[in-house]
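If you want the building blocks of each chain, they are given just below.
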Amino acid sequence: MSGLRRRAAIVGAAETDRLGALPDYSRLALHAEAARKAVADAGLTLRDVDGLFCTVAGPNELSEYLNLTPRYVDGTGVGGCSYMLFVRHAVAAIAAGYCDVALIVHGESGKSWIDMEMAGTAASPAGQFEAPFGAAGAPTTYALPVLRHFHEFGTTKRQMSHVPAATREWAVLNPRAMMQAAGRITPEDVEASRLVCYPFNLLDCCLVADGGGALVIVSAERARDLPGKPVYVMGSGEATAHRQIAMMRDFTTSDASRISGQQAFREAGVAPADIDHLMLYDAFSFTPMMFLEDLGFVGRGESGPFVADVSRDAQGRTIYPTGPGGRLPMNTNGGGLSYCHTGRYGMFALIEAVEQLRGRAGARQVPDLELSLVHGPGRQFAAAGTVILSNR
Amino acid sequence: MSGAVPAAPYRGALPKPTPETRAFWDATKEKRFVLPWCTSCGKAHFYPRAVCPHCHAATLEWRAASGRGTIYSYVINHKPARGFENRVPYVIAVIELAEGPRMMSNVVLDETPTPENVRIGMAVTVDFLPLTADVTLPVFKPAASS
């Protein structure tokens, strides 16, 4: 089942000039800058856009802000992976002829909170059955499955602490990473940082920032006429399974991630062993460990020993299996943990995969790269989206 | 976090009942713990819905539940939600109820919670924490201390 394999390509990708604390940008201004830069990167203009995909801004408010009248509109909002779903939906819309130039835009004033609103009401299921128990946002709800994984598989906090350390190694190579200047950290440093919500310390948690990013997708045929190196969408998947963390059927595996990943691999006609580069949304240290298992990169319960299986290079420096020089390069921009995290980070994971596949990743460039997989959750393992990309 | 009534006025998040959940919150106010049961498939569910999530029938009735369960997973939160400032650190847990469904709640101990004194699989029983005149929260305490 090849589905829509290689039918469409990402031809433009860009982020806002700056990421971090941006009190001079509103939520919509972040969208606008990212959109403008991404279409320019594609060799197009905003007037060419006829498909609009956005969630932090509603499609109606963004079409108004940019003075556009797209003929295809998608405002899917399932959390941070919404952008992976948008890639999938854009490929389908282009294949159907419903639009020719799809613009997927993210902008979020996650730090400065300018024109942002809290999701949900006190009458929603989460408002009634999560919030009253002091579930204080993502650090509490994302942490809840972790001890169950420890309990069932013997995973340890020390193993988990290797994830932020490995990811920081990439950030040190990335001048745009918010934590580049903070330098290297060890698993011990993670455990010595302030306790936020056991089993998470501060360095287990993603950053909080303002920023934006955007992608432009066209048909593979049209991509040939544009200046940039096209990045083909080989396969994609999506699913949603629940909203509240307590409703997750099994705390050691995400139904949404498994279903999403299976669809993407099947459509792309590849297996985990074929993937050269991974962007697994790291809202927290544990998050990508769950995805390594659910996507089949390691077996059930094996993510802990896998991420902690370090080696030493000739200079005696630690080589993490997912870090620079490791066998499975993952979250090479520095991830949500050390690059940037605005709230719905999926866009940044996609953009890094595009940068790597285009060979534009500078000091952190993964050599001989052909296939990249991007996967993320929506809310706390509730939804998921997967995109497999190729530069050939 | 003790079982005492939090200082008024309560600043934490309060549930706003909907038609399908009102009977649950009305019951906790009277220190009763009830669950919705489906008379078609014979299963209980949580949180309360207008259709059975197991078989999608709408043949639901409220029944008294045991209030017993075990800790399926938990966290010990040190960065409090609004209204929980004087309760840190506090346990947020997912309780697997004896009747089958799981629910989020708090596990309330007499001592400061630690990874040693809160355990996955620990038996717990329901307790009731009045927050306001209208809302009483179902929380859990270790079964041994009841």
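Residues numbered from 1 in each chain as written. Chains lettered and ligands numbered in written order. Predicted model: local features only at pLDDT ≥ 70, side-chain atom pairs only at ≥ 80, totals over all residues. Heavy atoms only, no water.

## Observations regarding the overall build of chain B
Okay, step 1: Tallying secondary structure elements over chain B gives one helix and seven strands in all.
Okay, step 2: Ordering the α and β elements of chain B from the N terminus gives α-β-β-β-β-β-β-β.
Okay, step 3: In terms of overall size, chain B behaves like a compact globule, its C-alpha atoms giving a radius of gyration of 16 Å where 146 residues would be expected to give roughly 15 Å.
Okay, step 4: Here chain B, with 146 residues, has 50% of them falling under the buried criterion.
Okay, step 5: When contacts within chain B are restricted to residue pairs at least 6 apart in sequence, those whose partners lie at least 24 apart make up 54%.
Okay, step 6: Surface accessibility of chain B: about 6700 Å² in total, with carbon and sulfur atoms responsible for 51%.
Okay, step 7: Each charge sign in chain B was given a centre, from 16 positive and 12 negative side chains, and these centres are 4 Å apart. (Helix = DSSP H or I, 4+ residues; strand = E, 2+ residues; numbered from the N terminus. Rg over C-alpha atoms; globule rule 2.2 N^0.38 Å. Buried < 20%, exposed > 50% of the residue type's maximum accessible area, 1.4 Å probe, protein only. Contact = heavy atoms within 4.5 Å. Areas by Shrake-Rupley, 256 points an atom, 1.4 Å probe, with all protein chains shown as cover. Lys, Arg positive; Asp, Glu negative; His and termini not counted. Charge placed at Lys NZ, Arg CZ, Asp CG, Glu CD.)

## With respect to the packing of aromatic side chains
Here the distance between the centres and the angle between the planes together describe a pair of aromatic rings.
Okay, step 1: Applying the stated criterion across every chain, the model contains 22 aromatic pairs over all chains.
Okay, step 2: Ring geometry for A:Phe129 against B:Tyr47: centres 5.8 Å apart, planes inclined by 20°, an arrangement best described as stacked. Taken together, the residues span two chains, with A:Phe129 in helix α4 (residues 125-129) and B:Tyr47 in the loop between β1 (34-38) and β2 (60-64).
Okay, step 3: Among the residues examined, A:Phe129 registers a relative accessible area of 3% and is labelled buried.
Okay, step 4: What makes B:Tyr47 buried here is its relative accessible area of 17%.
Okay, step 5: Arranged with centres 5.5 Å apart and planes meeting at 70°, the rings of A:Tyr142 and A:Phe381 form a pair that is edge-to-face. Highlighted residues: A:Tyr142 in the loop between α5 (138-141) and α6 (146-153) and A:Phe381 in the loop between β12 (371-378) and β13 (383-390), separated in sequence by 239 residues.
Okay, step 6: These aromatic residues form a ring-pair network of at least three members: A:Phe129, B:Phe24, B:Trp25, B:Phe33, B:Phe46, B:Tyr47 and B:Phe140.
Okay, step 7: Between B:Arg49 and the ring centre of B:Tyr47, over which it is positioned, the NZ or CZ distance is 4.1 Å. (Phe/Tyr/Trp six-rings, centres within 6.5 Å; stacked < 30°, edge-to-face > 60°. Lys NZ or Arg CZ within 6 Å of the ring centre and 35° of its normal.)

## Things to note about the sheet that holds strand β3 (residues 72-74) of chain A
Within a sheet, neighbouring strands are paired by backbone hydrogen bonds and run either parallel or antiparallel to one another.
Residue and element names in this part refer to chain A.
Okay, step 1: As summarised here, the arrangement of the nine strands in space is β3-β2-β4-β7-β1-β8-β13-β12-β9, forming an open sheet in which the pairing is mixed. On the outer flanks of this sheet lie β3 and β9 (277-280), each paired with one strand and no other. Strand-to-strand twist of the sheet, defined as the mean angle between neighbouring strand axes without regard to direction, takes the value 25°.
Okay, step 2: Against the sheet, helix α1 (residues 27-41) touches β1 (8-15), β4 (102-109) and β7 (210-219), its axis set at about 145° to β4. (Pairing = 2+ DSSP bridges. Axes fitted to C-alpha atoms, helices over the stretch in contact; angles between N-to-C directions.)

## Considering α6(A)
Okay, step 1: Among the residues of α6(A), A:Val146, A:Leu147, A:Arg148, A:His149 and A:Phe150 are the ones counted as buried.
Okay, step 2: In this structure, the buried residues of α6(A) make contact with α7 (157-160), β5 (195-198), β6 (200-201), α12 (287-294) and α13 (303-307) of chain A together with β3 (68-77) of chain B.
Okay, step 3: A:Gly154, located one to two residues past α6(A), shows a positive phi value of around 75°.

## Some remarks on unusual backbone geometry
Okay, step 1: For the bond from B:Phe46 to B:Tyr47, the omega torsion is 0°, close enough to zero to count as cis.
Okay, step 2: A cis amide bond links B:Val88 with the next residue in sequence, B:Pro89, at an omega value of -10°.
Okay, step 3: Within the secondary structure, B:Pro89 sits in the loop between β3 and β4 (90-97).
Okay, step 4: Phi is positive for A:Asp115, which is not a glycine, with a value near 60°.
Okay, step 5: With respect to the element layout, A:Asp115 can be found in the loop between β4 and α4.
Okay, step 6: Judged by its relative accessible area of 45%, A:Asp115 falls in the partly exposed class.
Okay, step 7: In the Ramachandran plot, A:Phe381 falls in the positive-phi region, its phi being about 60° despite a non-glycine side chain.

## Quick word on the interface of chain B and chain A
Okay, step 1: Taken together, the contact between chain B and chain A spans 39 residues of the former and 33 residues of the latter.
Okay, step 2: Interface of chain B and chain A: buried area, both sides summed, is about 2900 Å²; carbon and sulfur atoms make up 70% of it.
Okay, step 3: Here chain B is connected to chain A by zero salt bridges.
Okay, step 4: Inspection of the chain B/chain A interface yields 16 residue pairs in polar contact (both at pLDDT 80 or more).
Okay, step 5: Looking at the side of chain B that touches chain A, the elements that each hand over two or more residues are α1 (22-29), β3, β4, β5 (102-107) and β7 (136-142) of chain B.
Okay, step 6: The biggest single contributor to the side of chain B that touches chain A is β3(B), with seven residues.
Okay, step 7: Classifying every residue of the side of chain B that touches chain A by side-chain character gives 28 nonpolar, seven polar and four charged.
Okay, step 8: Across two bridges, β5(A) lies against β3(B) in antiparallel orientation. By the bridge assignment, A:Cys197 is partnered in β3(B) with B:Asn77. (Buried area = accessible area lost by both parts, 1.4 Å probe. Salt bridge = Lys/Arg side-chain N within 4 Å of Asp/Glu carboxyl O. Polar contact = N/O pair within 3.5 Å; in protein donor to acceptor, adjacent residues only side chain to side chain. Nonpolar A, V, L, I, M, F, W, Y, C, P; charged D, E, K, R; others polar.)

In short, the description is geometric, and any link to function would need to be established separately.
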